[in-house]
Amino acid sequence: MQRRPATFRKLSNAIVVGLSGFSALIGLFFLGWILMVVILRGLSAISIDFFTKLPTPPGVAGGGLANALVGTLLITLMAVLLGVPLGILGGVYLSEFGERSKVAATIRFASNVLMGTPSIIIGVFVYALMVFPMGHFSGYAGAVSLAVIMLPVVVRTTEDMLRLVPNTLRESALALGAPRWKVTFQVVFRAARSGLLTGVLLAIARVSGETAPLLFTALNSPFWMKSLSGPTANLTVTIFNYAMSPYRDWQQQAWGASLLIMMGVLSATIISRLYLKEKKKG
Amino acid sequence: MEVTSSFPGAPSGAPSPPEVIKPVARARKQGDTLFRWITIGSAFVVPLLIIGLFYSLTDLSMPSLRHFGLKFIFSSAWNPVKQHFGALSSIYGTLVSTFIAMILAVPLGLAISLFLVELVPPAIGRVMGSAIELLAAIPSIIYGMWGLFVFAPFMADHVQPFLAGIGGDLPFFKGPPMGIGMLTAGLILALMILPFITSVASDVFRMVPVQLKESAYGMGSTTFEVARKVTVRYGIDGIVGAGFLGLGRALGETMAVTFVIGNSHRISASLFNGANSIASTLANEFTEASEPLYLSALVELGLILLVITIGVQILSQLWLKRMRKKSGRGL
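Residues numbered from 1 in each chain as written. Chains lettered and ligands numbered in written order. Predicted model: local features only at pLDDT ≥ 70, side-chain atom pairs only at ≥ 80, totals over all residues. Heavy atoms only, no water.

### Some thoughts on unusual backbone geometry
Residues and elements named next belong to chain B.
Now for step 1: The backbone of Gln 83 sits at a positive phi, close to 60°, despite the residue not being glycine.
Now for step 2: Checked against the element boundaries, Gln 83 lands in the loop between strand E1 (78–79) and strand E2 (84–85).
Now for step 3: One non-glycine residue, Asn 263, adopts positive backbone phi at about 50°.
Now for step 4: On the secondary structure map, Asn 263 appears in the loop between helix H12 (255–260) and helix H13 (278–285). (Helix = DSSP H or I, 4+ residues; strand = E, 2+ residues; numbered from the N terminus.)

Written as structure tokens, this is what we have:
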């Protein structure tokens with residue numbers, strides 16, 4: 001094997017080391033750029049009116065996105081009520097009953113595939129499932145589409161968290177004569193409680209910035225919702241509509257909504273990540 | 001023997017008659033069977049949803065499937081007034097924007113992982129790694145806002161004139177620098193998949209046995225040589241897995257792309273021109289589609305995207321499984 005001169009090797013090493021450091025800086029630079037832009041432009045849009053008033057037509061000063069704020073909260077809450085119990089029970093099957101069975105492997109595989117399915121496809125699916133047969137857009141359909149996106153996330157994190165509970169705990173409870181469901185709910189869940197909550201938080205973070213699925217299901221509305229059974233205002237679709245509009249004041253509102261969404265999602269993500277990291281260490 | 005007699009409260013007589021225990025045991029067993037079935041039922045919702053996805057999308061796209069047949073995939077016509085629809089421009093845009101994202105994000109992600117794992121102290125590497133991972137937590141629509149109002153003007157003012165200057169003869173860099181278009185969409189996609197590739201590649205690099213690296217260093221290799229000949233080669237399977245993960249993300253990314261791609265149904269060689277992707281076409285036109293055939297053509301676009309992304313997902317899952325079997329541990 002031919003030896004390359006040492007200077008060449010040293011030089012190419014220095015170049016690659018420099019480039020890789022530069023790459024890391026690029027990544028951090030863009031993160032900083034995006035955060036700064038959203039925070040600066042968002043802050044100038046946020047006021048008391050932003051949280052308390054209804055949207056105004058373009059050109060009319062004042063106005064806020066109170067209805068969209070409430071809509072987003074309600075849709076997300078509904079999605080949690082639908083997706084979390086189902087996901088947790090599914091996760092219980094994988095960790096407590098299925099474990100190494102073929103069925104469990106299939107379900108794990110399906111969860112990973114569903115997690116990777118684009119959210120816009122989920123939107124089309126729920127449109128076909130609910131909006132098309134019913135003939136109108138609804139907040140419920142929006143909640144269902146978010147629940148579908150949440151479900152595989154909750155299933156997998158639940159399984160992971162329940163697996164961290166030592167088997168001796170289950171065995172001692174079973175040996176005392178407790179039935180399996182009691183062992184699961186009162187012993188295993190209690191031991192894994194904070195982990196389960198983290199999983200739910202992660203799932204909420206995952207869906208609360210979603211726009212594409214709501215576009216075809218909840219749509220949007222400039223009014224207060226009477227119920228979730230009609231088109232329901234929400235922050236993310238409002239951002240899309242306002243950003244695409246030619247009106248300055250609407251675009252300004254979109255920045256305010258972006259700041260809210262970004263801060264909510266980032267803080268939920270950071271909290272749950274910190275917790276998970278600690279768990280891995282311990 | 002001695003042990004049993006040391007329990008004063010232990011029943012000394014005959015064990016309690018079995019009839020007393022049996023109903024309790026049966027109820028307990030029934031309760032557990034029911035519980036088990038409830039959990040199985042919940043778990044089965046996931047695969048059922050995937051089947052449902054295929055079924056309902058195929059069902060709703062039937063009119064378009066019947067009307068256009070295979071021509072749909074190969075036609076670039078898109079005229080809602082005349083009811084001519086074809087998926088070619090959307091498929092083209094999806095593939096090209098994803099391609100741009102991949103050729104930028106994969107090398108960048110590998111370089112970042114190398115830096116984080118091999119070159120800086122672990123504590124700093126972890127903090128920087130978490131910061132890069134935050135890029136994945138920023139919602140798509142925020143990338144869209146930033147892309148449309150900040151990054152696209154920046155591209156138009158600085159990057160695109162520069163590219164036209166150095167590569168003006170190439171067909172890719174022709175046309176007016178408008179900011180929005182295929183190139184900008186590809187760049188933002190690259191940024192969005194970067195954290196996924198970085199995080200998986202970092203995990204892979206961390207799994208390389210220290211002895212392997214140290215023996216290479218001991219032979220006098222430079223950091224670059226160790227990375228190229230030991231780390232990357234040892235972790236090549238995982239790196240491919242990371243690529244798959246990024247690919248799946250990029251193909252279906254919707255809002256950010258919709259904001260900046262320019263939404264044009266024309267196929268053009270220049271990356272400066274407006275284009276569209278399957279996801280952006282859906283996001284833009286779905287709620288406007290009043291004619292049944294129009295709606296059905298859009299759903300068929302969605303079906304094509306579903307088939308592509310599920311295909312990529314299945315491939316990547318199988319790849320990771322193979323890898324896990326080979327190395328005996330997961331990521």
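On we go from here.
### Some details on helix H6 (residues 139–163) of chain A
All names here are of chain A.
Now for step 1: Taking 1.5 Å per residue as the helical rise, H6 with its 25 residues ought to reach 36 Å, and the 35 Å between its terminal C-alpha atoms agrees with that figure.
Now for step 2: Along H6, the helix axis deviates most sharply at Met 150, where the bend reaches about 30°; the proline Pro 152 sits within four residues downstream.
Now for step 3: The buried count for H6 comes to 21 of 25 residues, which makes it a mostly enclosed element. (Expected span 1.5 Å × (residues − 1). Bend = angle between axes of the 7 residues up to and from the residue. Buried < 20%, exposed > 50% of the residue type's maximum accessible area, 1.4 Å probe, protein only.)

### Details of the interface of chain A and chain B
Now for step 1: The interface is formed by 81 residues belonging to chain A together with 80 residues belonging to chain B.
Now for step 2: Taking both sides of the interface into account, the surface hidden between chain A and chain B amounts to around 7100 Å²; carbon and sulfur atoms contribute 81%.
Now for step 3: Sorting the residues of chain A by area buried against chain B places Ile 34, Ile 121 and Phe 125 of chain A first, and these three jointly supply 8% of that buried surface.
Now for step 4: At the boundary of chain A with chain B, the tally comes to two salt bridges.
Now for step 5: Between Arg 273 of chain A and Glu 133 of chain B there is a salt bridge, and its shortest N-O distance comes to 3.6 Å.
Now for step 6: It is helix H1 (residues 6–43) of chain A that contributes the most residues to the side of chain A that touches chain B, 20 residues altogether.
Now for step 7: Tallied by class, the residues present in the side of chain A that touches chain B amount to 55 nonpolar, 19 polar and seven charged. (Contact = heavy atoms within 4.5 Å. Buried area = accessible area lost by both parts, 1.4 Å probe. Salt bridge = Lys/Arg side-chain N within 4 Å of Asp/Glu carboxyl O. Nonpolar A, V, L, I, M, F, W, Y, C, P; charged D, E, K, R; others polar.)

### Remarks on the domain arrangement of chain B
Residues and elements named next belong to chain B.
Now for step 1: When cut into domains, chain B gives domain 1 (16–60) and domain 2 (88–327).
Now for step 2: The gap between the C-alpha centroids of domain 1 and domain 2 is 41 Å.
Now for step 3: Tallying the contact residues gives six residues for domain 1 and seven residues for domain 2.
Now for step 4: Counting the surface domain 1 buries against domain 2, the share from its top three residues, Phe 54, Leu 57 and Leu 60, is 79%.
Now for step 5: Counting every contact that joins domain 1 to domain 2 gives zero salt bridges. (Domains from an automatic or database assignment.)

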